[in-house]
Amino acid sequence: SEKQQKPVAPPPLTVETVTVKNEKVPVWIEYTGKTEASKRIEVRARVSGTLEEVFFKEGDYIEKGQKLFTVEKAAYEAALAKARAKMEGDQASLKLAEADVARYKPLVAEGLAPRITLEQHQVRVMELTALIKADQAAVKDAELNLSYTDILAPISGRISRINIDVGNIVGYAEKTLLTTMVADDPMFVYFNPSEEQFQLVRKYKSKEVLDTYVTVPNSYGELLDRKPFKGLVDFNDNRVDKMTGTITMRAKISNPEHNLLEGTFVYVNLFVTDQVEFLMVNPGVVQEDQQGSFVYIVDGENLAQRRSITRGFETRHYLVVTEGLE
């Protein structure tokens, strides 16, 4: 009979190892965020009348001060002409009253005319002076109303659709909303770290103003060569949202080519520090069981052993080990 062969044990598995040590590495935290225009302006008709002309295409990029709409001018030109005519008439009357005062002063001094007549002319000068001030204010008001008939872009930015067609009456009751504009350079990105993460950032940050890099998810590879947008954190809220336990932070992103659109879902990479030493491992080597987190270490005999650890700060790329490893 053939001798029964004993099963041969498989050889030990060879695994890759890494040596961990305390070292200074750049610490970035990644969040999800959403873009929001830095300015949103409602363009309204400030005077009443017929909307006569539109000077832009919907969706255009508009420069500040560019003419957008015109409201009929005739009534406002007439009001300005009337105000100017009244002011000019009162100025002529003032010159006559001043001449009367100048004529009567020497006569009253020599006793050739009654003082009351001089005083009447002096009062008339004061009345006309005050009246001309009111006329000047009326002229400025008429000029301002006439200027409002040309509706100009209050900011540089992307303009939306037109809400009112040419020929409609605008400006009565509530001032009519004609369109809206958004400024997207710079663009704001809002994201929400937890209160614990916020405190961690505040404790370890290397700079008072933190750097960020914003990336847009890209499913089309080289067809959409989307490079990161650089920015700075310019705002954090002063309270924790009681529903989510997070704090709102905002990055201000340079967007000169207007490639980053409002309402875009983005990833925000927040730079914290490169000056603090941490003991870090790749998150993939950390495992979990009922006793908690652990890794395998290699002992003096070149064998793997389980070692419990305490997890600290972590990202997709690394995990800080606060206890358990040296």
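Use the structure listed above.
How each quantity is defined
- Residues numbered from 1 in each chain as written.
- Predicted model: local features only at pLDDT ≥ 70, side-chain atom pairs only at ≥ 80, totals over all residues.
- Heavy atoms only, no water.
- Helix = DSSP H or I, 4+ residues; strand = E, 2+ residues; numbered from the N terminus.
- Buried < 20%, exposed > 50% of the residue type's maximum accessible area, 1.4 Å probe, protein only.
- Contact = heavy atoms within 4.5 Å.
- Salt bridge = Lys/Arg side-chain N within 4 Å of Asp/Glu carboxyl O.
- Pairing = 2+ DSSP bridges.
- Phe/Tyr/Trp six-rings, centres within 6.5 Å; stacked < 30°, edge-to-face > 60°.
- Lys NZ or Arg CZ within 6 Å of the ring centre and 35° of its normal.
- Axes fitted to C-alpha atoms, helices over the stretch in contact; angles between N-to-C directions.
- Parallel < 35°, antiparallel > 145°, perpendicular 65-115°, else oblique.
- Left-handed = near helix turned anticlockwise from the far one by under 90°.
- Nonpolar A, V, L, I, M, F, W, Y, C, P; charged D, E, K, R; others polar.

## Side note on the side chain of Asn255
Note on placement: Asn255 falls in the loop between strand S12 (249–253) and strand S13 (265–273). A residue is classified by how much of its surface remains accessible, and Asn255, at 1% relative accessible area, is buried. Apart from the residues lying within four places of it in its own chain, the contact partners of Asn255 are Asp184, Asp185, Met187, Phe229 and Leu260.

## Remarks on the pattern of salt bridges
The final tally for this structure, using the stated rule, is 14 salt bridges. Asp150 is paired through a salt bridge with Lys73; the nearest N and O atoms lie 2.9 Å apart. On the criterion of sequence distance, the pair formed by Asp150 in strand S6 (residues 150–152) and Lys73 in the loop between strand S5 (67–71) and helix H1 (74–109) is long-range, its members being 77 residues apart. Lys73 gets classed as partly exposed once you look at its relative accessible area, which sits at 23%. A salt bridge links Asp211 to Lys207, with the nearest nitrogen and oxygen atoms 2.9 Å apart.

## As for the environment of Val320
For Val320, the position within the fold is in strand S19 (residues 319–323). Each C-alpha atom of the pair Val320 and Phe278 lies 6.4 Å from the other, and the pair is 42 residues apart in sequence. Apart from residues lying up to four places away in sequence, Val320 is in contact with Phe278, Leu279, Met280, Thr310, Arg311, Gly312 and Phe313.

## Describing the pairing of strand S2 (residues 27–44)
Residues in a regular strand point their side chains to alternate faces of the sheet. Relative to S13, S2 is paired through 8 bridges, and the arrangement is antiparallel. When the sheet's bridge partners are listed, Tyr31 is paired in S13 with Val268. Note that S2 and strand S9 (residues 177–191) share 11 bridges and pair antiparallel. By the bridge assignment for S9, Glu36 is matched with Phe188.

## Topic: the packing of aromatic side chains
Per the stated rule, a full pass over the model turns up 8 aromatic pairs. Plain terms: the ring middles of Phe56 and Phe69 are 5.3 Å apart, the flat faces sit at 90° to each other, and that makes the pair edge-to-face. Highlighted residues: Phe56 in the loop between strand S3 (49–54) and strand S4 (61–62) and Phe69 in strand S5, separated in sequence by 13 residues. The burial state of Phe56 is the same as that of Phe69; both residues are buried. Relative to Tyr267, the ring of Phe265 has its centre 5.6 Å away and its plane inclined at 75°; by these criteria the two rings are edge-to-face. With a relative accessible area of 30%, Tyr267 lands in the partly exposed category. The ring of Phe188 carries Arg250 above its face, with NZ or CZ at 3.9 Å from the centroid. Over the ring of Phe294 we find Arg306, and its NZ or CZ is 4.2 Å from the ring centre.

## Here's the deal with the packing of H1 against helix H2 (residues 115–147)
Put simply, H1 and H2 touch, their axes get as near as 8 Å, and they point 160° apart. With respect to each other, H1 and H2 are oriented roughly antiparallel. As H1 packs across H2, the resulting crossing turns out to be left-handed. For the contact of H1 with H2, the class distribution of residues is 19 nonpolar, 8 polar and 11 charged.

## Things to note about the pairing of S9
As judged from the 2 bridges shared by strand S7 (residues 157–159) and S9, these two strands associate in the antiparallel manner. Its bridge partner lying in S9, Ile159 is registered against Met181. Across 5 bridges, the pairing between S9 and S12 is antiparallel. Residue pairing in the sheet places Tyr190 in a bridge with Arg250 of S12.

## Re the sheet that holds S6
Read across the sheet, 4 strands follow the order S6-S5-S3-S8 without closing on themselves; strand pairing throughout is antiparallel. Two strands close off the open sheet at either side, each with one partner strand: S6 and strand S8 (169–170). Across 3 bridges, S5 lies against S6 in antiparallel orientation. What sits directly across from Thr70, in S6, is Asp150.

## Things to note about the sheet that holds strand S15 (residues 287–289)
As summarised here, the arrangement of the 3 strands in space is S15-S16-S17, forming an open sheet in which the pairing is antiparallel. Either end of the sheet is taken by a strand with one partner, and the two such strands are S15 and strand S17 (304–308). Averaged over all adjacent pairs, the angle separating strand axes in this sheet is 45°, with direction ignored. One ladder, built from 5 bridges, connects strand S16 (residues 292–298) with S17; its direction is antiparallel. Following the sheet pairing, Val295 is matched in S17 by Arg307.

The quantities given are spatial measurements derived from coordinates; they are silent on function.
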